[in-house]
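Structural overview for review
Residues per chain, in single letters:
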Amino acid sequence: MESKTFPLLPSFLRATYWFDEALRASQELQGQAPVTRAQAMLLINIALGERRPVRLARSMGVTKQAVSVMLADLTAAGNISIKPDGEDARASLIEFTPQGQSEMKNIFVILARLEEHLATVIGQDRMSVLRAAFEMDWGAPPALKSVEAGATEAIGGKIQKKRRQPSSLG
């Protein structure tokens, strides 16, 4: 792959890890038990309104079993409770406990302070542009089909799986 610039995704990941490591270090400095990176992502997804374990697993790209383990740990820590869904007997809903609400408030305060720090490092103008770019609606994620000469063609908002070409066994 010839490219004049490196793809953004590794930079997004590095930035996510920076925030995560700073969050955990801040929690430790404040005398709190830090959450793991996966637990932080799970808690943030819950705070954003996703309350069903199956949907959490799907949005995080992990198995239902992995989410179940994290939910069990967060329940044991007193941050969440899991209750049956009154509308769907097969499903359950996740709710923050009062302790969990306090934990999330603290996490968001820390993240806001980290953003303030980042603005001093990269400059307020860049921070404003970065925030504006992340807050924009980027539309549905496209699937890109390779075409000749290195160009790409978007195929809607669905990920298209490549079909395997049958191999000749001769």
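Residues numbered from 1 in each chain as written. Predicted model: local features only at pLDDT ≥ 70, side-chain atom pairs only at ≥ 80, totals over all residues. Heavy atoms only, no water.

**Some points on helix H3 (residues 53–60)**
Residues that lie three or four places apart on an α-helix share one face, since the helix turns once every 3.6 residues. Rules: When a residue's accessible area, from a 1.4 Å probe over protein chains only, is under 20% of the maximum for its type it is buried; when over 50% it is exposed; and in between it is partly exposed. The helix count covers DSSP runs of H or I at least four residues long, the strand count covers runs of E at least two residues long, and both are numbered beginning at the N terminus. Here the arc refers to the set of directions running from the helix axis out to each C-beta atom. Residue contacts follow a heavy-atom distance rule, with two residues in contact if any of their heavy atoms lie within 4.5 Å.
All of the buried residues along H3 are Pro 53, Leu 56 and Ala 57. One side of H3 carries all its buried residues, which in axial view fall inside an arc of 100°. Turning to H3, the residues buried within the fold contact helix H2 (37–47), helix H4 (64–76) and strand S2 (92–96). At the C-terminal side of H3, Gly 61 shows a positive phi close to 70°.

**Details of the packing of aromatic side chains**
Here is the rule: Side-chain rings of Phe, Tyr and Trp, where Trp is taken by its six-membered ring, are said to pair if the distance between their centres is within 6.5 Å; with planes under 30 degrees apart they count as stacked, over 60 as edge-to-face, and otherwise as tilted.
A full pass over the atoms with the stated rule returns three aromatic pairs. In this structure an aromatic cluster arises from ring pairing among Phe 12, Phe 134 and Trp 138.

**Quick notes on the packing of helix H1 (residues 8–29) against helix H5 (residues 98–122)**
Rule in force here: Axis lines are fitted through C-alpha atoms, for helices just across the contact stretch, and the angle between N-to-C directions can take any value from 0 to 180 degrees. These descriptions rest on fixed angle ranges, namely under 35 degrees for roughly parallel, over 145 for roughly antiparallel, 65 to 115 for roughly perpendicular, and the rest for oblique. Take the far helix as the reference: if the near one is turned anticlockwise from it by less than a right angle, the crossing is left-handed, and if turned clockwise, right-handed. Polar here means any residue other than Ala, Val, Leu, Ile, Met, Phe, Trp, Tyr, Cys and Pro, which are nonpolar, and Asp, Glu, Lys and Arg, which are charged; Gly is therefore polar.
Closest axis-to-axis distance for the H1/H5 pair is 10 Å, and the angle between their directions is 120°. On the basis of their axis angle, the class for H1 and H5 is oblique. Relative to H5, H1 is oriented so that their crossing is right-handed. From H1, Trp 18, Phe 19, Ala 22, Leu 23, Ser 26 and Gln 27 reach across to H5, where they touch Glu 103, Ile 107, Ile 110, Leu 111, Leu 114, Glu 115, His 117 and Leu 118. Considering only residue class, the contact of H1 with H5 consists of nine nonpolar, three polar and two charged.

**Notes on the side chain of Asp 20**
Rules: Within 3.5 Å is the distance limit for a polar contact, defined as a pair of N or O atoms, with the added protein rule that one can donate a hydrogen and the other accept it, and that residues adjacent in sequence qualify only through two side-chain atoms.
Its place among the elements puts Asp 20 in helix H1. In this structure Asp 20 comes out as buried when scored by relative accessible area, which is 3%. A polar contact of 2.9 Å, which involves the side chain of Asp 20, links it to the side chain of Arg 37. Not counting chain neighbours up to four residues away, the residues in contact with Asp 20 comprise Thr 36, Arg 37 and Ala 40.

**Quick notes on the nonpolar core**
Operational definition: For our purposes a nonpolar core is just a set of buried Ala, Val, Leu, Ile, Met, Phe, Trp, Tyr and Cys residues, chained together by side-chain atoms within 4.5 Å.
One finds Leu 42, Leu 43, Val 67 and Leu 71 to be the most contacted residues of the largest nonpolar core, which totals 20 residues. Ranked by residues supplied to this core, first place goes to H5 with five residues. Excluding anything up to four places from it in sequence, Val 67 contacts Leu 42, Pro 53, Leu 56, Ala 57 and Val 62.

**Concerning the packing of H1 against H2**
Two numbers describe how H1 lies on H2: the axes approach to 10 Å, and their chain directions differ by 100°. Our classification of the angle between H1 and H2 gives roughly perpendicular. Facing H1, whose interface residues are Thr 16, Tyr 17, Asp 20, Glu 21, Leu 23 and Arg 24, H2 presents Arg 37, Ala 40 and Met 41. The residue makeup of the contact of H1 with H2, split by class, is four nonpolar, one polar and four charged.

**Comments concerning the pattern of salt bridges**
Under the convention used in this document: Here a salt bridge means any side-chain nitrogen of Lys or Arg lying within 4 Å of a carboxyl oxygen belonging to Asp or Glu.
Under the definition given, this model contains ten salt bridges. Arg 51 is the salt-bridge partner of Glu 95, the closest N and O atoms lying 3.2 Å from each other. Here Arg 51 lies in the loop between H2 and H3 and Glu 95 lies in strand S2, a separation of 44 residues in the sequence. Judged by its relative accessible area of 32%, Arg 51 is partly exposed. Sharing partners across several salt bridges, the network here consists of Asp 20, Glu 21, Arg 24 and Arg 37.

**Details of the environment of Gln 30**
Summarising the element assignment, Gln 30 is placed in the loop between H1 and H2. The residues contacting Gln 30, other than those within four sequence positions of it, are Asn 106, Ile 110 and Arg 113.

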